[in-house]
Amino acid sequence: MSGVLKHYLLMARAWVKSGHQVDFMLAKAGFPQLKSQAPECGIVCSDPFFDASQYISQTWRYFPAFGFRMLSAHWATLPQNYQIVYASNFLIFELYPARCLARRCGARLVVKVQHLLHSQSQRHTLFDRLFLASEKWSMHLAHRYADLIMCLSRPVEQDFKHLAASMGLPERQAFIVGCGLDFSELEKVPELPPAFDLVFLGRMHEQKGIFDLPDVWKAVLDHNPSARMVVIGEGPHRRRLQELMAERGLSRGITFTGGISESEKNRYLKQSKVGLSLSFEEGWGLSVTECLASGLPVVAYELPVFQDVFHGILHLVPPRCARSAAESVIKLLDDPGLATVVGECGRKHVRNFDYQRVAQRELELMRSSQEAPRMQGFQGRERV
């Protein structure tokens with residue numbers, strides 16, 4: 001399960017407990033997972049035809065599903081007339097359908113900005129250029145139609161305002177809401193003896209820095225040939241990463257889990273000594289939060305959001321400097337006392353990021369948006 005999906009399942013759980021009905025619009029292929037994780041929520045089908053889940057290494061296969069979702073928002077059967085339609089991220093195939101549904105229901109449109117592609121310098125492929133172009137479309141739609149815009153963190157809000165200004169769009173207020181976890185899930189996992197020196201948790205994608213991982217791991221193995229690492233996550237580039245490790249003779253001591261359950265993931269975290277993040281982009285850093293919540297010290301590339309959200313908590317190193325990351329990992333592994341102290345500081349710090357607080361904050365903002373004047377793009381469309 002992706003970190004974003006997990007976050008919204010937790011948020012939905014909190015909103016349902018507050019007396020609200022929460023429905024998700026998603027492809028039929030995702031129904032079993034959602035029903036098992038959030039049986040209290042309803043489902044609106046966006047796509048009954050395309051199931052690309054078995055082609056996770058070929059992301060282009062998802063494009064027909066994305067296109068169909070944007071079209072089906074015009075005619076999908078809705079179980080009720082919603083008061084709020086919530087775009088869970090800023091990608092056009094999320095925001096445009098949400099805008100269509102909001103117009104059909106006369107509902108308020110809420111937009112959540114997880115991160116902005118325009119703030120990242122590593123995107124140069126054809127697909128990247130398509131996404132960058134579509135992000136500008138999302139900016140136009142959000143500025144014209146969104147009744148409420150929320151950003152995951154302060155750096156994301158700054159990126160949002162910078163892109164809007166560069167496009168000549170009028171300034172819109174964007175509220176910073178943060179991100180949260182259910183810490184009770186981790187507390188259920190008993191303390192376990194360490195089985196891994198290092199844990200890498202995240203989506204297996206090049207933007208998460210996975211192709212820097214072989215260099216880090218080689219340095220760790222050179223220092224300690226008996227070291228062990230667990231790599232948790234699934235994504236389009238996992239197979240290539242495994243091939244690179246094998247080609248360089250670095251496969252010993254590595255466990256690749258692929259996609260696993262939440263309970264398995266939490267157990268692996270509790271069995272590890274040091275967490276590692278090599279991401280080039282983050283709107284928040286849920287995987288980092290999970291490592292910290294498990295009491296692990298974390299080495300990460302220095303990103304604006306990490307400076308803002310986890311200031312003084314992470315061992316930050318220059319981006320794309322695998323050598324510095326490896327040195328920090330080795331330092332922590334060689335000094336268990338330091339690792340324990342740093343890990344405990346991180347555990348205490350992330351207790352501020354409880355999902356129920358975030359859910360309540362967003363609910364209050366959505367209530368306020370219902371009392372405010374409608375955005376000009378929706379005037380005259382509201383149903384009574």
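Residues numbered from 1 in each chain as written. Predicted model: local features only at pLDDT ≥ 70, side-chain atom pairs only at ≥ 80, totals over all residues. Heavy atoms only, no water.

## Examining the overall build of the protein
Counted only if it meets this: A helix here means a DSSP run of H or I that spans at least four residues, while a strand means a run of E at least two residues long, and both kinds are numbered starting from the N terminus. Values of the radius of gyration come from C-alpha atoms, whereas the globule rule sets the reference at 2.2 Å times the count of residues to the power 0.38. Two residues form a contact once any of their heavy atoms are found within 4.5 Å. Methods summary: accessible areas were calculated by the Shrake-Rupley approach with a probe of 1.4 Å, and residue burial reflects only the protein chains presented. Charge assignment: positive for Lys and Arg, negative for Asp and Glu; neither His nor the chain ends contribute. The location of each charge is read from NZ of Lys, CZ of Arg, CG of Asp or CD of Glu.
Assigned secondary structure in the protein consists of 15 helices and 12 strands. For the protein, the C-alpha radius of gyration of 21 Å lies close to 21 Å, the compact-globule estimate for 384 residues. In the protein, the proportion of contacts linking residues at least 24 apart, taken out of those at least 6 apart, comes to 71%. Just so you have it, the protein exposes about 17700 Å², and 52% of that area is on carbon and sulfur atoms. The distance from the centre of the 45 positive side-chain charges to the centre of the 39 negative ones in the protein is 4 Å.

## Points about the confidence of the model for the protein
Test applied: Known as pLDDT, the predictor's confidence for each residue is given on a scale from 0 to 100.
Summary statistics for the protein give a mean pLDDT of 90 and a share of 95% for residues scoring 70 or more. Here helix α7 (residues 183-187) stands out as the least confident element of the protein, with mean pLDDT 85; strand β10 (residues 272-277) is the most confident, with 98. Contacts of residues 378-384 to residues separated by more than four positions or lying in other chains number 16 contacts, the stretch itself having pLDDT below 50.

## Quick word on the nonpolar core
What counts is decided by this rule: Residues grouped as a nonpolar core are buried Ala, Val, Leu, Ile, Met, Phe, Trp, Tyr and Cys residues, joined through side-chain atoms within 4.5 Å. A 1.4 Å probe rolled over the protein chains alone gives each residue an accessible area, and that area as a share of the maximum for its type sets the label: buried under 20%, exposed over 50%, partly exposed in between.
Within the largest apolar cluster, 37 residues are counted, with the highest numbers of intra-cluster contacts made by Phe90, Val113, Met139 and Phe160. Among the elements of the structure, α3 (63-72), β3 (84-87), α4 (92-105), β4 (108-113), α5 (126-145), β5 (148-151) and α6 (154-166) are those that each provide at least two residues to this core. The element best represented in this core is α4, accounting for 9 residues. Excluding residues within four positions of it along the chain, Phe160 makes contact with Phe90, Val113, Leu116, Met139, His143, Ile149, Cys151, Arg172 and Ala174. Of all hydrophobic cores here, the second largest spans 31 residues; its members include Val230, Ile232, Ile313 and Leu314.

## Quick notes on the state of the cysteines
Condition: In what follows, a disulfide is any cysteine sulfur pair within 2.5 Å.
For the structure on display, the rule yields 0 disulfides. Free of any disulfide, Cys45 has its nearest cysteine sulfur in Cys100, 16 Å distant. Among the cysteines around Cys105, which has no disulfide bond, Cys100 carries the closest sulfur, lying 11 Å off. The buried category is assigned to Cys105, whose relative accessible area is 4%.

## Examining the sheet that holds strand β11 (residues 298-301)
Applicable threshold: Only strands joined by at least two bridges in the DSSP assignment are considered to pair. Here an angle of 0 to 180 degrees is reported between the N-to-C directions of two axes, which are lines fitted to C-alpha atoms, with helices fitted over the stretch in contact.
Across the sheet, which stays open at both edges, the 6 strands sit in the order β9-β8-β7-β10-β11-β12 with parallel pairing between neighbours. Whereas interior strands pair on both sides, the edge strands pair on one side only; in this sheet they are β9 (254-258) and β12 (315-317). Each adjacent strand pair in this sheet contributes to an overall mean axis angle of 20 degrees, direction not counted. Here strand β8 (residues 229-232) pairs with β9 via 4 bridges, running parallel. Note on β9: the bridge partner recorded for Val230 is Thr255. Sheet strands in contact with helix α10 (residues 262-270) are β7 (196-201), β8, β9 and β10, and its direction is about 140 degrees off that of β7.

## Some details on unusual backbone geometry
Note: most peptide bonds trans; most residues except glycine with negative phi. The phi dihedral of Arg320 falls on the positive side, at around 65 degrees, and the residue is not glycine. Inspection of the secondary structure puts Arg320 in the loop between β12 and α13 (322-334). Overall, the relative accessible area of 47% leaves Arg320 in the partly exposed class.

## Overview of the packing of aromatic side chains
As a reminder, the rule being used: Under the pairing criterion, centres of Phe, Tyr and Trp rings, with the six-membered ring standing for Trp, must be within 6.5 Å; the plane angle then separates stacked pairs below 30 degrees from edge-to-face pairs above 60, leaving the rest tilted.
In the structure shown here, the tally under the stated rule is 16 aromatic pairs. When the ring of Phe49 is compared with that of Phe68, the centres are 5.3 Å apart and the planes differ by 85 degrees; the resulting orientation is edge-to-face. With Phe49 in the loop between β2 (42-47) and α3 and Phe68 in helix α3, the pair connects residues that are 19 residues apart, well separated along the chain. The class for Phe49 is exposed, based on a relative accessible area of 60%. Among the residues examined, Phe68 registers a relative accessible area of 19% and is labelled buried. Each ring, one from Phe310 and one from Phe353, has its centre 6.1 Å from the other, and the planes form 85 degrees; the classification is edge-to-face. Taken together, the positions of Phe310 in the loop between α12 (304-309) and β12 and Phe353 in the loop between α14 (336-349) and α15 (355-371) put the pair 43 residues apart, joining distant regions of the chain.

## Overview of the pairing of β3
Our working rule: We call a crossover right-handed when, viewed with both strands directed away from the observer, the connection leading from the first strand over the helix to the second proceeds clockwise.
Here 4 bridges tie β3 to β4, and the two strands are oriented parallel to one another. If you follow Tyr86 over to β4, its bridge partner there is Val110. Between β3 and its parallel partner β4, the chain crosses via α4, and the hand of that crossover is right-handed.

## Thoughts on the packing of helix α8 (residues 213-223) against α13
Selection rule: For classification, angles of less than 35 degrees are called roughly parallel, those exceeding 145 degrees roughly antiparallel, those between 65 and 115 degrees roughly perpendicular, and all remaining angles oblique. We call a crossing left-handed when the near helix sits turned anticlockwise from the far one by less than a right angle, and right-handed when that turn is clockwise. Side-chain classes follow a simple rule in which Ala, Val, Leu, Ile, Met, Phe, Trp, Tyr, Cys and Pro form the nonpolar group, Asp, Glu, Lys and Arg form the charged group, and the remainder, Gly included, forms the polar group.
Interaxial distance between α8 and α13 falls to 8 Å at its minimum, and their mutual angle equals 40 degrees. In terms of orientation, α8 and α13 fall into the oblique class. Relative to α13, the crossing made by α8 is right-handed. In this structure, α8 contributes Asp215, Val216, Ala219, Val220 and His223 to the contact, and α13 contributes Ala322, Ala325, Ala326, Val329, Ile330, Leu333 and Asp334. Broken down by class, the residue content of the contact of α8 with α13 amounts to 9 nonpolar, 1 polar and 2 charged.

## Considerations on the environment of Arg361
Short version of the rule: N or O atoms closer than or at 3.5 Å make up a polar contact, with two conditions inside protein: a donor-capable atom paired with an acceptor-capable one, and, for residues adjacent in sequence, both atoms drawn from side chains.
Structurally, Arg361 is set in helix α15. Note: C-alpha distance between Arg361 and Leu71 (290 residues apart in sequence) is 32 Å. With near-sequence residues (within four places) excluded, Arg361 lies in contact with Phe175, Ile176 and Val177. At 3.5 Å, the side chain of Arg361 forms a polar contact with the backbone oxygen of Ile176.

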